[in-house]
Amino acid sequence: MSLRSRLQLKLVSLWQRRGPGAIALLPFTWLHALWRTLTRRRPPARATQLPVPVVVVGNLYVGGTGKTPLTIELARQLRARGWHPGIVSRGYGAGRGPARAVPVTGAAADFGDEPLLLAQATGAPVVVGRDRLAAARMLLNLHREVDVVVADDGLQHTRLGRDFEIALIHYRGFGNGWLLPAGPLRDPPERLAAVDAVVFHDQLDTPRPTVRVYSAFFCMHTEPGAIYALKDPLRVVTVAELAAEQRRRGLRILAFCGIGMPDRFFGMLRAGGLAIDTLALADHYDFTTNPLAGRAYDLALMTEKDAVKVRANATLAADGRLCVVPLAVTLDSALLDLVEARLPPRPGAASGPQHGPSPA
């Protein structure tokens, strides 16, 4: 495990209780809170409403809660209901500079791993940019068919007007309940008072938060989907089938990932019956160097988020033993019912949306 990954996991562990380590960081949290108070005394930036509705997916707990799988499933289900969604995202490691469209054949180094996965997994147009408002405007200028914008990780970016907010809470709940850096929270739990829906990502390891300010909550369940070979996606096997094959042949299986919560990925594979060795890399690990060099394995399993970067490494991409484990997402259909009920009607639904610049 890399030093950065060990530090990340140590911090996650520290954030789960109000122990000496977290208490030592409290002065920095107080400074952060003071800065927030001072900046909020200024006149707030006015949110800009777009000509199409905006759905924001976000979280309070920093990183790794499942926003990307939720955004993917939300876009898929909106499309199934007749909408034409487009997605805006910051793109970790690629958020600087002007907004830009994400091609499905792009490089994660240029656009970020999550935006590239969003583009590939949904088929929806994706624009990446630190300024979500600028990204959304570009999205609508480039794709006149888009009639709803889904903002991935946009809860704290209030310049972009929104019609519906979704806050995602994963299995670690609120951790120790403190704001960064003494705790894992980007906003206090009271922020849920302003959202339209709360989604719980599977069972919480801690008691369900007792904040009584939200009126609608839903559940999202994720589990490993059909595993496919990186070199040949038509080679598909279920986790149960692979587990049976491992017992029969004694396969050495390595699971590796560069995500915010690697224990979640490893736990799902073990729950499916696989015996695995594990390699936890730093979140957003770029795979410019081969972390598997010198390791013995018959198969190596990774997440789809890792796969969009692994394909850019010629050595790894040529390794026929590498396989991808997609997430199968189950989302309450009632959430989509509520989203549709809250969104304004699609403009010109019978003849197509009428927004964006007029042709010259």
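Here the structure is shown first, and the text comes after it.
Predicted model, so just to flag it, every value in this text is computed and none were measured.

## A short note on the overall build of the protein
- A tally of regular secondary structure across the protein gives 12 helices and 15 strands.
- Intrachain contacts of the protein at a sequence separation of at least 6 include 72% that bridge at least 24 residues.
- Entry remark: accessible area of the protein is about 16700 Å², with carbon and sulfur atoms responsible for 56%.

## A look at the sheet that holds strand S14 (residues 322–325)
- Pairing is mixed in the open sheet, where six strands are placed in the order S10-S9-S14-S13-S11-S12. This sheet does not close on itself; its edge strands, each paired only once, are strand S10 (236–237) and strand S12 (276–280).
- The sheet contact formed by strand S11 (residues 253–257) and S12 spans five bridges and is parallel. If you follow Ala-255 over to S12, its bridge partner there is Thr-278.

## Quick look at the side chain of Thr-122
- With respect to the secondary-structure elements, Thr-122 resides in helix H6 (residues 113–122).
- Beyond its immediate sequence surroundings of up to four residues, Thr-122 is in contact with Ile-72, Ala-75, Arg-79 and Ile-87.

## Observations concerning the packing of aromatic side chains
- Scanning the model with the defined rule gives four aromatic pairs in all.
- Taking the centre distance of 6.0 Å and the plane angle of 65° together, the rings of Phe-256 and Phe-287 count as edge-to-face. Of this pair, Phe-256 sits in strand S11 while Phe-287 sits in the loop between S12 and strand S13 (299–303), and the two are 31 residues apart along the sequence. This pair shows no difference in class: Phe-256 is buried, exactly as Phe-287 is.
- Ring geometry for Phe-265 against Phe-266: centres 5.9 Å apart, planes inclined by 50°, an arrangement best described as tilted.
- A relative accessible area of 4% means that Phe-265 is categorised as buried.
- Cluster of aromatic residues (ring-pair linked, three or more members): Phe-256, Tyr-285 and Phe-287.
- Sitting above the plane of the Tyr-297 ring, Arg-321 keeps its charged end 4.0 Å from the centroid.

Rules of the game
Residues numbered from 1 in each chain as written. Predicted model: local features only at pLDDT ≥ 70, side-chain atom pairs only at ≥ 80, totals over all residues. Heavy atoms only, no water. Helix = DSSP H or I, 4+ residues; strand = E, 2+ residues; numbered from the N terminus. Contact = heavy atoms within 4.5 Å. Areas by Shrake-Rupley, 256 points an atom, 1.4 Å probe, with all protein chains shown as cover. Pairing = 2+ DSSP bridges. Phe/Tyr/Trp six-rings, centres within 6.5 Å; stacked < 30°, edge-to-face > 60°. Buried < 20%, exposed > 50% of the residue type's maximum accessible area, 1.4 Å probe, protein only. Lys NZ or Arg CZ within 6 Å of the ring centre and 35° of its normal.

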